[in-house]
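Here is how the chains run, residue by residue.
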Amino acid sequence: VSDVGLIIPAAGSGIRLGSQKDKALTLLRGQPLLAWALRAFETFPDIVERVVVVPPGREDRFRERILGLPGLEREVEIVTGGDERQDSVARGLAAMTGKASWILVHDAARPLVSRGLIRRVLDALEEGESVVPALPLRDSVARAGPEPWIESYEDRGRLLSVQTPQGFHAQVLDHAFQRARADGFTGTDEASLVLRMNHPVTWTEGDPRNIKITYPEDLALAEAILSGGDRDEGTDEKRRAVDEDREGEP
Ligand code: CTP
Ligand code: MG
């Protein structure tokens, strides 16, 4: 697909991470999480427009910290987010110029997204209108009863752990957001809004390295993944970009 718009919600405050503010600017190997995420999308020619959604009042700080970093030369629009992730993505959508026929939404909190995964999602969009990267669950899954009891076990075989970037036809996503707003529905991600309109959503294989930074230990995990000698081209490229950023540092 061509004519893709990218929305990166980065307006969360990071309560679980314990960051005072601006979780997306938390450093991983000296680079903001948001910079890692954005860089992965930098070299896709089909991505024609990019919007980053940031916490209210933090627009200038984000511009200072992100714009013009090495490996981030392409244009990015900074827009102001809302209370919930869904509000932030809605504002990102509203800021799109309309030239994108397809939309990718990717969390700033997933810095290790690889170019290979982005490619997979874009390729899957050729086949269907909405696609999410997902992984079958590894652990057994149980339903909790009243503390401290386990009530029952779920059939893990049909459960998936859903990641970003998620891809959509722009009109389908617009429609899904309008409907969610009209119904007062809040979902955890975009695909959940699309699915509740009975539009089909497909999944493609996610990436176990594409973790979401939620708790402080996730930063250590991301660091370990980067040190782990994985051979993913996207991550390698980002590692190089980080090294270049560091050139000339004292
Ligand atoms: N997000 C957003 N606007 C919000 C809330 C979240 O743009 N009002 C974004 C976050 O910046 C993040 C993504 O949605 O990139 C996933 O959110 P999450 O991991 O929950 O981050 P936070 O909301 O910042 O963390 P917490 O829930 O612990 O406060
Ligand atoms: Mg949150």
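Just so it is clear, the structure is predicted and the values come from calculations on it, not from any experiment. (Residues numbered from 1 in each chain as written. Chains lettered and ligands numbered in written order. Predicted model: local features only at pLDDT ≥ 70, side-chain atom pairs only at ≥ 80, totals over all residues. Heavy atoms only, no water.)

A.B. asks: It is not clear to me how the overall build of the chain should be interpreted in this structure. Could you clarify?
C.D. replies: Tallying secondary structure elements over the chain gives eight helices and twelve strands in all. Taken over C-alpha atoms, the radius of gyration comes to 18 Å for the chain, in line with the 18 Å a tight globule of 250 residues would show. Its C-alpha atoms give the chain principal-axis dimensions of roughly 55 × 45 × 35 Å. Counting all 250 residues of the chain, 50% fall into the buried class. Put simply, of all contacts in the chain between residues at least 6 apart along the chain, 75% involve residues at least 24 apart. Carbon and sulfur atoms make up 48% of the accessible area of the chain, which amounts to about 12,700 Å² in all. (Helix = DSSP H or I, 4+ residues; strand = E, 2+ residues; numbered from the N terminus. Rg over C-alpha atoms; globule rule 2.2 N^0.38 Å. Buried < 20%, exposed > 50% of the residue type's maximum accessible area, 1.4 Å probe, protein only. Contact = heavy atoms within 4.5 Å. Areas by Shrake-Rupley, 256 points an atom, 1.4 Å probe, with all protein chains shown as cover.)

A.B. asks: Can you help me understand unusual backbone geometry in this one?
C.D. replies: What you tend to see is this: most non-glycine residues have negative phi, and most peptide bonds are trans. Each neighbour pair has its own omega, and for Glu-147 with Pro-148 the value is 0 degrees, a cis peptide bond. By the element assignment, Pro-148 lies in the loop between β8 (142-144) and β9 (150-153). The amide bond that connects Thr-164 to the next residue, Pro-165, takes the cis arrangement and shows omega of 10 degrees. Counting through the fold element by element, Pro-165 comes out in the loop between β10 (160-162) and β11 (166-169). Positioned with a positive phi, Asp-22 is a non-glycine residue whose angle comes to about 50 degrees. Following the sequence through the fold, Asp-22 ends up in the loop between β1 (4-9) and β2 (27-28). The phi dihedral of Asn-198 falls on the positive side, at around 65 degrees, and the residue is not glycine. For Asn-198, the position within the fold is in the loop between α6 (190-195) and β12 (202-205). For Asn-198, a relative accessible area of 71% translates into the label exposed.

A.B. asks: Can you help me understand the pattern of salt bridges in this one?
C.D. replies: Once the charged atoms of two side chains with opposite charge are near each other, the side chains can pair. Counted under the stated rule, the structure contains twelve salt bridges. Note that Arg-61 is salt-bridged to Asp-22, the shortest N-O span being 3.2 Å. On the criterion of sequence distance, the pair formed by Arg-61 in helix α2 (residues 59-66) and Asp-22 in the loop between β1 and β2 is long-range, its members being 39 residues apart. Judged by relative accessible area, Arg-61 falls into the partly exposed class, the value being 36%. Residue classification places Asp-22 among the buried residues on the basis of a relative accessible area of 4%. Two residues, Glu-223 and Arg-29, come together in a salt bridge whose shortest N-O distance is 2.7 Å. A residue pair is termed long-range when its members are at least 10 positions apart, and Glu-223 in helix α7 (residues 216-227) and Arg-29 in the loop between β2 and β3 (31-32) qualify at 194 residues. Given the relative accessible area of 29%, Glu-223 is considered partly exposed. You can call Arg-29 partly exposed: its relative accessible area is 21%. Connected through shared salt-bridge partners, Arg-85, Asp-107, Arg-110 and Glu-190 make up one network. (Salt bridge = Lys/Arg side-chain N within 4 Å of Asp/Glu carboxyl O.)

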